[in-house]
Amino acid sequence: MRIVSLLPAATEWIAAFGAADDLVGRSHECNYPPSVRSLPAVTSAGFDDTGDSAEIDAVVKDTLQQGLSLYDIDMEALRSLDPDLIVTQDQCDVCAVSFSQLKDAMATWGGDAGPDLMSLKPATFKEVLDGALRLGRRIGRATDAMRVIADGELRLQRLRSLLGMDRRVDPESLPSVACIEWLDPLMTAAHWMPDVAEHAGARCVLSEKGEASPRIDFDDLRAQDPDAIAIMPCGFTADQTVADLDRLTSRDGWRGLTAVQNGRVAILDGDAYFNRPGPRLVRSCELLASVVHRTDDVLSTPIEDGERIWLEETPQAAS
């Protein structure tokens, strides 16, 4: 099978299922595992995505208000790859090429019926795994998919045991965490993130499981005053977030938050671990647990560079 993946999470699942050699093309955002970077990219951003949080938000709003797509598809390059299957998503027009945009573009394919199209649209952790299994079956890797997902569940069972979550626990007794998905305007992470928080022995505040990520006021964050704060802007690495961090930490009342005073604020690699509904979500649960409970004992492997930066280790904190 010849597969083109326009969704980073799908690319990761396909590789995890042992089918990386079946990939013949990717989106410009597909960068993991590193080997896929050698594949031709058939999409590009139709807007300037190099600014800070406020600048990116402004250009995205302006592009969408003009009725334009945020991403361009190189149909000539895509046709030249002669794919049997193209995988994308139908969840967020901002995150990646949407299913509707792909279908519209395919109207120019010409000739034969063209490749099959597959869309993923998970809103919860369970739906992430269900979609992964569906993808595994579609590419003839059902057994591999079940093995990968089972291995992840074993890691989650270990994590729950370490956290004392292998017995019934009142959710309201868990420490609270605010997962920040964007800095300006301020947004919290929803969709599968409340599930990730539960696996991490915590409860998400200011977001609802399975729902779209909401915009909030800083006063909402102050009112909730969570036990921990995990900062994971969509599409940003931890280092990119550090450069933009003052849009959150300069607000009146920031230093008075319980999480700040207790040293339970960390910047995490949102692009790699939290924004993508891929196989690394298991690592996401471990990383979030390390922040909420301020311990690395919950990690199945040692922390790596760029995975997590504590607030007190940032240049802003040092200054």
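In the block above lies the structure referred to throughout.
Throughout what follows, the structure given in this document is the object of discussion. (Residues numbered from 1 in each chain as written. Predicted model: local features only at pLDDT ≥ 70, side-chain atom pairs only at ≥ 80, totals over all residues. Heavy atoms only, no water.)

## Focus on the side chain of Asn 275
Point 1. Along the polypeptide, Asn 275 turns up in the loop between helix H12 (270-274) and helix H13 (281-292).
Point 2. By relative accessible area, which is 15% here, Asn 275 ends up buried.
Point 3. A distance of 3.2 Å separates a polar atom in the side chain of Asn 275 from the backbone nitrogen of Asp 271.
Point 4. With sequence-adjacent residues up to four places away left out, Asn 275 is seen in contact with Glu 181, Trp 192, Met 232, Pro 233, Cys 234, Gly 235 and Gly 270. (Helix = DSSP H or I, 4+ residues; strand = E, 2+ residues; numbered from the N terminus. Buried < 20%, exposed > 50% of the residue type's maximum accessible area, 1.4 Å probe, protein only. Polar contact = N/O pair within 3.5 Å; in protein donor to acceptor, adjacent residues only side chain to side chain. Contact = heavy atoms within 4.5 Å.)

## Side note on the nonpolar core
Generally speaking, nonpolar side chains in soluble globular proteins are found buried as a group.
Point 1. Ranked by internal contacts, the top residues of the largest apolar core, which has 55 residues, are Val 177, Met 193 and Leu 288.
Point 2. Tallying contributions element by element places H13 first for this core, with eight residues.
Point 3. Contacts of Leu 288, omitting those with residues within four sequence positions, involve Val 177, Cys 179, Met 193, Val 196, Ala 197, Ala 200, Ala 230, Met 232 and Phe 274.
Point 4. Counting 22 residues, the second-largest nonpolar core is a separate cluster that includes Val 24, Val 97, Ala 105 and Trp 182. (Core = buried A, V, L, I, M, F, W, Y, C linked by side-chain atoms within 4.5 Å.)

## Some remarks on the packing of helix H6 (residues 142-162) against H13
In helix packing, the relevant descriptors are the interaxial angle and the interaxial distance, both defined with respect to the helix axes.
Point 1. Where H6 contacts H13, the axes come no closer than 9 Å and their chain directions differ by 15°. Classed by the angle they form, the pair H6 and H13 counts as roughly parallel. Relative to H13, the crossing made by H6 is left-handed. When H6 is examined against H13, the residues Gly 152, Arg 155, Leu 156 and Leu 159 are found in contact with a partner set consisting of Val 282, Arg 283, Cys 285, Glu 286 and Ala 289.
Point 2. Class assignment of the residues belonging to the contact of H6 with H13 gives a composition of five nonpolar, one polar and three charged. (Axes fitted to C-alpha atoms, helices over the stretch in contact; angles between N-to-C directions. Parallel < 35°, antiparallel > 145°, perpendicular 65-115°, else oblique. Left-handed = near helix turned anticlockwise from the far one by under 90°. Nonpolar A, V, L, I, M, F, W, Y, C, P; charged D, E, K, R; others polar.)

## Examining the sheet that holds strand E5 (residues 85-89)
Point 1. Taken together, the four strands give an open sheet; going across it, the order is E2-E1-E5-E6, and neighbouring strands pair in parallel fashion. Looking at the sheet topology across the chains shown, the edges are occupied by strand E2 (23-26) and strand E6 (116-120). Between one strand and the next, the sheet's axes are offset by a mean angle of 25°, whatever the strand orientation.
Point 2. With five bridges joining them, E5 and E6 adopt parallel strand pairing. Bridge pairing links Val 87 to Met 118 in E6.
Point 3. Docked against the sheet, helix H1 (residues 8-16) engages strand E1 (3-5), E2, E5 and E6, running at close to 140° with respect to E1.
Point 4. Against the sheet, helix H5 (residues 125-138) engages E5 and E6, with an angle of about 165° to E6. (Pairing = 2+ DSSP bridges.)

## Points about the pairing of E5
Across a regular strand the side chains alternate sides, sitting on one face of the sheet and then on the other.
Point 1. In terms of residue burial, E5 counts as a mostly covered element, since five of its five residues are buried.
Point 2. The side-chain alternation of E5 yields two buried faces, one formed by Leu 85, Val 87 and Gln 89 and the other by Ile 86 and Thr 88.
Point 3. Bridging between E1 and E5 involves three bridges; their strand directions are parallel. Its bridge partner being in E5, Ile 3 is matched across the sheet by Leu 85.

So yeah, pure geometry; function would need other evidence.
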